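# Architecture at a glance
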Amino acid sequence: MSNKTILVTGGAGYIVSHTSVALIEAGYDVVIADDLSNSSAGAVDGVRRITGTDVPFERVDCNDRAALRELFERYRFDGAIHFAAFKAVGESVDEPLKYYDNNVGSFLSLLETMRLFGVRNVVFSSSATVYGQPDVLPATEASPRKPANSPYGATKQICEDILRDAVAAYNSAGGPEEEGLRGIALRYFNPIGAHPSALIGELPRGVPNNLIPYITQTAAGIRAELSVFGDDYHTPDGTALRDYIDINDLALAHVTAIGRMLNDRQRQNYEVFNIGTGVPVSVLELVHGFERANGVKVPYKIVARRPGDAEAVWADTTLAATELGWRATRTLEQTLRSSWRWEQQLKK
Ligand code: UD1
């Protein structure tokens, strides 16, 4: 029996490169499609070296329907995982049309092309950003979504809704099973860390917006000091709480989600899962944890809160554990070591 083939879009980025490794290690054939507008082909080389496979890379803009159709003509896909999206919150405020066009447009083209070719299983990369500041913590999948505070966040909500509606309309209840569409949205909390080989990891362009790349660059001397955004939150040490999930654990959640749809062909409904650890960690805990795990110093200063930041967000992970059988297994120390190994090899 031949392997199942999974299309991963946005394939040369951080989360996708780790997910591609996990899919290949689980026995899937993977085709990576990306236009490289915001990522580098180096990530694909890393995937090839780690897995020892010549994973195909196709330079395709997922917003280009003709190009996507041509891709689907050349491969017979069993499912797709859609990562292709811009993700800089601040930039999305300055250039909303670019974000709506790319993030929503590419998902619509993918779903339409899937329908055209009878490809029925799709995983969408969503984000805990849809919860805003949850009223009750930890956030469950049933927690209300809050009005998005950036076009980036809005695109995640819109794409979730598109998937929900498409699955409801095109599921095969009462009709031929071949025609159904199945969809899972994974709401990522804060993905951090790198592959243990340090061959793939997060490669921010310019000054990092996210905490871990800023920490690793400060420890490496590229940045003078980290600015900790606010120490007057209503949290134990005054700094904001997040749920930092290891990228390798997160990658495995995709393998489980795609497998759930491929292995249970009766499944019809659209599903949403939180992908986090369930453990809140403060900014200062992360900084000091990084210092301890790696024996390095991270100079920092406390500055004002960053506008738009939530005070505390962490996941209730019960649903992913009971339904997907997935849970995070790496310790924070392991993850923080992998972040530092990755940063150090970047200099070489
Ligand atoms: C951010 C985005 C979120 C997106 C996610 C993608 C915002 C408001 N949210 O999440 O929509 O899905 O990235 O990875 O941009 N921090 C510092 N100093 C820094 C950087 C961050 O103190 O230099 C703090 C932040 O205030 C926050 C925590 O570290 O409390 C985590 O920040 P970050 O890594 O940017 O993630 P989020 O803001 O949670």
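This text goes with the structure placed above it.
Residues numbered from 1 in each chain as written. Predicted model: local features only at pLDDT ≥ 70, side-chain atom pairs only at ≥ 80, totals over all residues. Heavy atoms only, no water.

### Some points on the packing of helix α7 (residues 211-219) against helix α9 (residues 283-294)
What counts is decided by this rule: An axis is simply a line fitted to the C-alpha atoms; with a helix, the fit covers only the stretch in contact. Between two such axes, the angle follows the N-to-C directions and lies from 0 to 180 degrees. Counting from the N terminus, the helices are DSSP H or I runs at least four residues long and the strands are E runs at least two residues long. To sort the angles, those under 35 degrees are grouped as roughly parallel, those over 145 as roughly antiparallel, those from 65 to 115 as roughly perpendicular, and the leftovers as oblique. Here is the rule for handedness: rotate from the far helix to the near one, and if that takes an anticlockwise turn smaller than a right angle the crossing is left-handed, while a clockwise turn gives right-handed. The contact criterion used is simple: two residues touch if any of their non-hydrogen atoms lie within 4.5 Å.
At their nearest, the axes of α7 and α9 sit 11 Å apart, and the two run at 40 degrees to each other. The angle between α7 and α9 falls in the class oblique. Judged by the sense of rotation from one axis to the other, the crossing of α7 with α9 is right-handed. Across the interface between the two elements, L211, I212, I215, T216 and A219 from α7 touch V283, L286, V287 and F290 from α9.

### Examining the pattern of salt bridges
The following threshold applies: The term salt bridge refers to a pairing of a side-chain nitrogen on Lys or Arg with a carboxyl oxygen on Asp or Glu at a separation within 4 Å. Burial status follows relative accessibility: with a 1.4 Å probe on protein chains alone, a residue under 20% of its type maximum counts as buried, one over 50% as exposed, and anything between as partly exposed.
Taken as a whole and assessed by the stated rule, the structure comprises 21 salt bridges. With its nearest N and O atoms 3.0 Å apart, the salt bridge here joins R74 to E58. Of this pair, R74 sits in helix α3 (residues 65-74) while E58 is found in strand β3 (residues 57-59), placing the two residues 16 residues apart along the sequence. Close ionic contact of E112 with R65 constitutes a salt bridge, the shortest N to O distance being 2.4 Å. Remark: R65 occurs in helix α3 and E112 occurs in helix α5 (residues 96-117); sequence separation between them is 47 residues. Among the residues examined, E112 registers a relative accessible area of 44% and is labelled partly exposed. Given a relative accessible area of 33%, R65 falls into the partly exposed group. Sharing partners across several salt bridges, the network here consists of R145, E160, D161, R164, D165 and R187.

### What to know about the site of the ligand
Put simply, the rule reads: Nearness is judged by heavy atoms alone; a residue qualifies as near a molecule or strand once a single heavy atom is within 4 Å of it. In the analysis that follows, any N or O atom pair within 3.5 Å is treated as a polar contact, provided that within protein one partner can donate a hydrogen and the other can accept it, and provided that, for residues neighboring in sequence, both atoms belong to side chains. Throughout, the Shrake-Rupley method with a 1.4 Å probe supplies accessible areas, and for residues the shown protein chains are the sole cover considered. Residues are grouped as follows: Ala, Val, Leu, Ile, Met, Phe, Trp, Tyr, Cys and Pro are nonpolar; Asp, Glu, Lys and Arg are charged; all remaining types, including Gly, are polar.
The ligand sits among 19 residues. The nearest are L211, S227, R242, R306 and D309. At 2.8 Å, a side-chain N or O of R306 approaches an oxygen atom of the ligand. Its free accessible area being 730 Å², the ligand has 87% of it covered by the protein chains. Elements that contribute at least two residues to the shell around the ligand include exactly α7 and β8 (226-229). Top contributing element to the shell around the ligand by residue count: β8, with four residues. In terms of residue class, the shell around the ligand is built from 10 nonpolar, six polar and three charged.

### Re the packing of aromatic side chains
For any two aromatic rings, the description comes down to two numbers: the centre-to-centre distance and the angle of the planes. Heads up, the condition is: Within 6.5 Å between ring centres, the rings of Phe, Tyr and Trp (the latter by its six-membered ring) count as paired, and their orientation is classed by plane angle as stacked under 30 degrees, edge-to-face over 60, tilted in between. Only lysine NZ and arginine CZ atoms are considered, and such an atom sits over a ring when it is within 6 Å of the ring centre and within 35 degrees of the ring normal.
Within this structure, the stated rule accounts for seven aromatic pairs. Ring geometry for Y75 versus F77: centroids 5.6 Å apart, planes at 25 degrees, classification stacked. Between F290 and W340, the ring centres sit 5.9 Å apart and the planes meet at 80 degrees, which makes this aromatic pair edge-to-face. Linking F290 in helix α9 with W340 in helix α11 (residues 332-346), this pair joins segments that are 50 residues apart in sequence. Comparing F290 with W340, the two get one shared label, buried. Sitting above the plane of the F86 ring, K98 keeps its charged end 4.9 Å from the centroid. Note that R305 overlies the ring of Y233, its terminal NZ or CZ placed 4.0 Å from the centroid.

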